[in-house]
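Architecture and fold: a report
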2 protein chains.
Amino acid sequence: MISVIEARDAILDRIRPLGVERVDIASARGRVLAEDVHATRNQPPWDNSAMDGYAVRSVDTVPSSPDSPAELEIVEDLPAGYVAKRSVGPGQAIHIMTGAPVPEGADTIVRAERALKVDARRVRILQAVESGTDLRRAGEDIRDGDLIIPSGMLIRPAEVGLLASTNRSHVSVYRRPRVAVLSTGDEIVDVDEPLEDGKIVDSNGYALSALVADAGGIPQRLGIIPDTQEALEEALRDGLLADAVITSGGVSVGEYDYVKAALESVGTSMAFWKVSMTPGRPLAFGSIDDTIVFGLPGNPVASMVTFELFMRPALLKMQGYTHIYRPTIKARLLEDLTKSLGRKQFIRVTLQKRGDQYYASRTGAQGSGILRSMSIADGLAVSHEDQEFMPAGQEIEVMLLGGYSGLSDDRNY
Amino acid sequence: MISVIEARDAILDRIRPLGVERVDIASARGRVLAEDVHATRNQPPWDNSAMDGYAVRSVDTVPSSPDSPAELEIVEDLPAGYVAKRSVGPGQAIHIMTGAPVPEGADTIVRAERALKVDARRVRILQAVESGTDLRRAGEDIRDGDLIIPSGMLIRPAEVGLLASTNRSHVSVYRRPRVAVLSTGDEIVDVDEPLEDGKIVDSNGYALSALVADAGGIPQRLGIIPDTQEALEEALRDGLLADAVITSGGVSVGEYDYVKAALESVGTSMAFWKVSMTPGRPLAFGSIDDTIVFGLPGNPVASMVTFELFMRPALLKMQGYTHIYRPTIKARLLEDLTKSLGRKQFIRVTLQKRGDQYYASRTGAQGSGILRSMSIADGLAVSHEDQEFMPAGQEIEVMLLGGYSGLSDDRNY
């Protein structure tokens, strides 16, 4: 049986980023850029005023004596968004707003609080100002032609603003994977169907679809498939139109499990059927053409844990992400842990932080049917194949689950 | 001038969570639950088999001698999703699949690998099995009536699954705020408009809309408003139909700034106009009826930084979030920092992690027009009012920006 790391490598080896699509920048947040974006002009485009005040020649700001400040003639009133019609000559000033282009002739800005307006035509400069003061230079932020966002970068709000500032209304990004989600089993009914004896609700279909969306994918629930090979094959053929197919249930050893047969019958090239881990040992992975297929276990916790470990990095890689793993932290155990030798085990834990140290406690019983334990959990503590007994106080690695909000150090602002 | 902490308190004091709406559970991820959800039946609903195997009476599994294992009669074949028609009597077994309800009469499960099927009617039990083995008990996960998800909890994939498992197809969640985004200034044009001299693209409208969406809000760009009080008042009146209004630009001291006058004219009760911080000193906040109004500075960096510090927590509080702040970490400075006494300063930094220690370097020039610095930044380092010089090596608090991917300890699984 292959290890968790071997399984992940086998999966990621088969995955390349999907094709690209063009999206408008208002929809591009959270996507990965699939082209280098270069500046098409300087940013700022021209020398401009960093303050509201007066554009002047710095030589004109020197007072003739300590008691007689320079007095200049206001020759124009220049709002932002307009270009001065006049230039600044000796003894002249142009009243200027933040962001407005610096008029010809001026080499500095006297900010408003360093000046005293005498009347509509005259201003007194209260202190000498060096050349270049309170100017933003053309190209100070970005020079025409600069690479401003490299391909492969995650688009966050700052990148959306940058794209707009360089006149890009649309950009190429990697496609989001469409993921067909199938639940298998005669015992499964949808949430709005009557619950006869022996039936349970398809919680996996909902939880896995939410995990797909959480990983940036587009979930397509294909519904609940009866326990016959024919029904499964038909659903799989529909699913193969997507970029990935997830089935849950039907991959353990029982005679009522047709998933394997159906997967092989539709032509899936299977890489493995089992991974040495708890929860989640029955876990199948294969591909057919450009579609990858995951057969997740039917137990609610096992299906979520195997999704987190294998499917989520795969979906992120498809979208061009370079950081595809959940963050991990180190924590000290608050209780002894015992497990079977020879398998990796992922233990649902809650975390507490005291000072700089995290502490981990199990969420309670670790049965893989106990979905509430995933709701309570902050993370999955990782115990390795060669570990059997871990005493309280031992340090353990914890993979943080989405939505964990305890990462902060104490905030002091 | 009020401090950053006073400003944030003043803002959050005026904000209550918005009303609730019912959404289907497939759309509920990332929302905050606005009702207590109780279980409507036991989970699992009945004692069921944890393994594929045989439901038997444990007394029947004891071999009559070490060499002669017990042999039992298979009286029924029970798939998951169905209830046994027969009960298990002495000397009998029912072939059972994982998840199927335990038949009457049986008190334990013999997993398939501990049994040897002789023919369709007979199975040999290879080892004695104690009562209660490989059973999942009714109510083991959840008991009927239990509070399974409390009001106020963030709905993640595990909660979506839990809701489905307890037959909830819809839940009440707090509304997402609609946020009107206005850009002011005659110098601003939209991304697809011609760029005449003196004009710049409305990068703030795009960046702020992306920040709104990033904080769970629904951005509504009302466009670029000319520099007249009448135009602004009209746009503000449209904006007041939303839960929040953001303007950018027009809150500094210049004569061309009509935002203040327009805000007051439409009846906004203003809490403050300035906050003692860099970047972002001109920052206005007020409210009118149930709508809050933020007047952010026009500089691209200043508008993003003030959004992160004030607007994002406000929007999260509206949605019922209890964790409304970005995570922070402590880092050591890689270079000396000098700043003005008396103001809090938020310095754009990149982070490196070596071992357990983070190190911070400035992104370069900290001019508030330099939007690319926000794209490069991993976080905002916080220097306080009473700090003027911070030498390299000093520890500083860093608020992490969205999308920072360097939080992990080394991953070893």
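To start, this report covers the structure provided alongside it. (Residues numbered from 1 in each chain as written. Chains lettered and ligands numbered in written order. Predicted model: local features only at pLDDT ≥ 70, side-chain atom pairs only at ≥ 80, totals over all residues. Heavy atoms only, no water.)

**Digging into the interface of chain A and chain B**
This is how it is decided: Here a residue-residue contact requires only that any non-hydrogen atoms of the pair lie within 4.5 Å. What counts as buried area is the accessible surface, traced by a 1.4 Å probe, that two parts surrender upon association, with contributions from both included. Think of a salt bridge as a Lys or Arg side-chain nitrogen and an Asp or Glu carboxyl oxygen that are within 4 Å of each other. By the criterion applied in these results, polar contacts are pairs of N or O atoms within 3.5 Å in which, for protein atoms, one can donate a hydrogen and the other can accept it, and in which residues neighboring in sequence qualify only through two side-chain atoms. Labels follow the DSSP assignment, with helices taken as runs of H or I lasting at least four residues and strands as runs of E lasting at least two, numbered in each case from the N terminus.
At the junction of the two partners, chain A supplies 95 residues and chain B supplies 95 residues. Taking both sides of the interface into account, the surface hidden between chain A and chain B amounts to around 8,000 Å²; carbon and sulfur atoms contribute 56%. On inspection of chain A and its partner chain B, the count reaches four salt bridges. Among the ionic pairs, B:Asp214 bridges to A:Arg29, the shortest N-O distance being 3.1 Å. The interface formed by chain A and chain B holds 24 residue pairs in polar contact (both at pLDDT 80 or more) in total. Here the side of chain A that touches chain B gets eight residues from one element, more than from any other, and that element is helix H2 (residues 157-165) of chain A.

**Comments concerning empty space enclosed by the protein**
Note the cut-off: Put plainly, a pocket is an open set of points on a 1 Å grid over the protein atoms alone with protein on both sides within 12 Å along at least five of seven lines, a cavity is a set where a 1.4 Å probe fits but cannot get out, and a lining residue has an atom within 4 Å of a point. Grid points are joined across faces, edges and corners, and a volume is the space filled by probe spheres set on the points. Amino acid classes used here: Ala, Val, Leu, Ile, Met, Phe, Trp, Tyr, Cys and Pro are nonpolar; Asp, Glu, Lys and Arg are charged; the rest, including Gly, are polar.
Tallying each qualifying case throughout the model produces three cavities of 30 Å³ or more. If you trace the largest cavity, you find it lined by A:Arg156, A:Pro157, A:Ala158, B:Leu211, B:Asp214, B:Met304, B:Glu308, B:Arg326, B:Met374, B:Leu401 and B:Gly402. Every element with two or more residues in the lining of the largest cavity is listed here: H2 of chain A together with helix H3 (203-214) and helix H6 (300-318) of chain B. Its residues placed into classes, the lining of the largest cavity shows six nonpolar, one polar and four charged.

**Looking at the relation of the copies chain A and chain B**
Worth spelling out the cut-off: The copies are overlaid by a least-squares fit using only the C-alpha atoms of residues whose pLDDT is at least 70 in both copies.
For the pair chain A and chain B, the relating rotation is 180°, the translation along its axis is 0.0 Å, and the fit reaches an RMSD of 0.1 Å. Interpreted geometrically, this transformation is the action of a two-fold axis. In terms of C-alpha distance to the rotation axis, chain A has A:Leu407 as its closest residue, with the C-alpha 4.6 Å off the axis. Same-surface contact between copies: 100% of interface residues of chain A are shared with the interface of chain B.

**What to know about the packing of helix H3 (residues 203-214) of chain A against helix H6 (residues 300-318) of chain A**
Residue and element names in this part refer to chain A. As a reminder, the rule being used: Axis definition: a line fitted to C-alpha atoms, limited for helices to the stretch in contact. Angles are taken between N-to-C directions and run from 0 to 180 degrees. Any angle from 65 to 115 degrees is called roughly perpendicular, while one under 35 is roughly parallel, one over 145 is roughly antiparallel, and all others are oblique. If you view the pair so one helix is near and one far, a crossing is left-handed when the near helix is turned anticlockwise from the far one by less than a right angle, and right-handed when it is turned clockwise.
Running from N to C, H3 and H6 cross one another at 25°; their axes reach a closest spacing of 10 Å. When the axis of H3 is compared with that of H6, the two are roughly parallel. As for the relative orientation of H3 and H6, their crossing is right-handed in sense. Only Pro300, Ser303, Met304, Phe307, Glu308, Arg312 and Leu315 of H6 make contact with H3, whose side of the interface consists of Ser203, Asn204, Ala207, Leu208, Leu211, Val212 and Asp214. Of the residues assigned to the contact of H3 with H6, the class counts are eight nonpolar, three polar and three charged.

**Considering the sheet that holds strand E5 (residues 70-78) of chain B**
All names here are of chain B. Rules: Between any two strands, at least two bridges found by DSSP are needed for them to pair.
Taken together, the six strands give an open sheet; going across it, the order is E7-E4-E6-E5-E9-E8, and neighbouring strands pair in mixed fashion. Among the strands making up the open sheet, the edge pair consists of strand E7 (108-111) and strand E8 (115-119). Taking the axes of each pair of neighbouring strands and ignoring which way they run, one obtains an average angle of 40° across the sheet. As defined by bridge partners, strand E4 (residues 53-56) adjoins E7 across four bridges and the pair is classed as antiparallel. Of the residues in E7, the one forming a bridge with Tyr54 is Val110.

**A closer look at H2(A)**
Residues and elements named next belong to chain A. Put simply, the rule is: Burial here depends on accessible area, computed with a 1.4 Å probe over protein chains only, as a share of the maximum for the residue type. Under 20% is buried, over 50% is exposed, and the range in between is partly exposed.
Among the nine residues of H2, nine are classified as buried, and the element is accordingly described as predominantly covered. Looking at H2, one finds that the buried residues are Pro157, Ala158, Glu159, Val160, Gly161, Leu162, Leu163, Ala164 and Ser165. Within two residues after H2, Asn167 carries a phi angle of roughly 70°, on the positive side.

**Describing unusual backbone geometry**
Apart from glycine, the bulk of residues carry a negative phi angle, and the bulk of peptide bonds sit in the trans form. Residue and element names in this part refer to chain A. The amide bond that connects Gln43 to the next residue, Pro44, takes the cis arrangement and shows omega of -5°. Within the secondary structure, Pro44 sits in the loop between strand E2 (37-38) and strand E3 (48-49). Pro279 follows Thr278 through a cis peptide bond whose omega is -10°. Looking at where Pro279 falls in the secondary structure, it is placed in the loop between strand E19 (277-278) and strand E20 (282-288).

**Brief notes about the packing of H3(A) against helix H2 (residues 157-165) of chain B**
Each pair of packed helices can be described by the angle between their axes along with the distance between the axes. Viewed as axis vectors pointing N to C, H3(A) and H2(B) meet at an angle of 160°, and their least axial separation amounts to 8 Å. Viewed along their axes, H3(A) and H2(B) adopt a mutual orientation that is roughly antiparallel. For the pair H3(A) and H2(B), the crossing hand works out as right-handed. Of the residues in H2(B), those in contact with A:Ser203, A:Tyr206, A:Ala207, A:Ala210, A:Leu211 and A:Asp214 of H3(A) are B:Pro157, B:Val160, B:Gly161, B:Ala164 and B:Ser165.

**Observations concerning the pairing of strand E20 (residues 282-288) of chain B**
Residue and element names in this part refer to chain B. Where burial is concerned, most of E20 is hidden: six out of the seven residues are buried. When strand E18 (residues 269-274) meets E20, the two strands line up antiparallel, connected through four bridges. By the bridge assignment for E20, Phe272 is matched with Phe285. Remark: two residues form the turn of the hairpin made by E20 and strand E21 (residues 291-296), two consecutive strands paired antiparallel; Asp289 in that turn has positive phi of roughly 50°.

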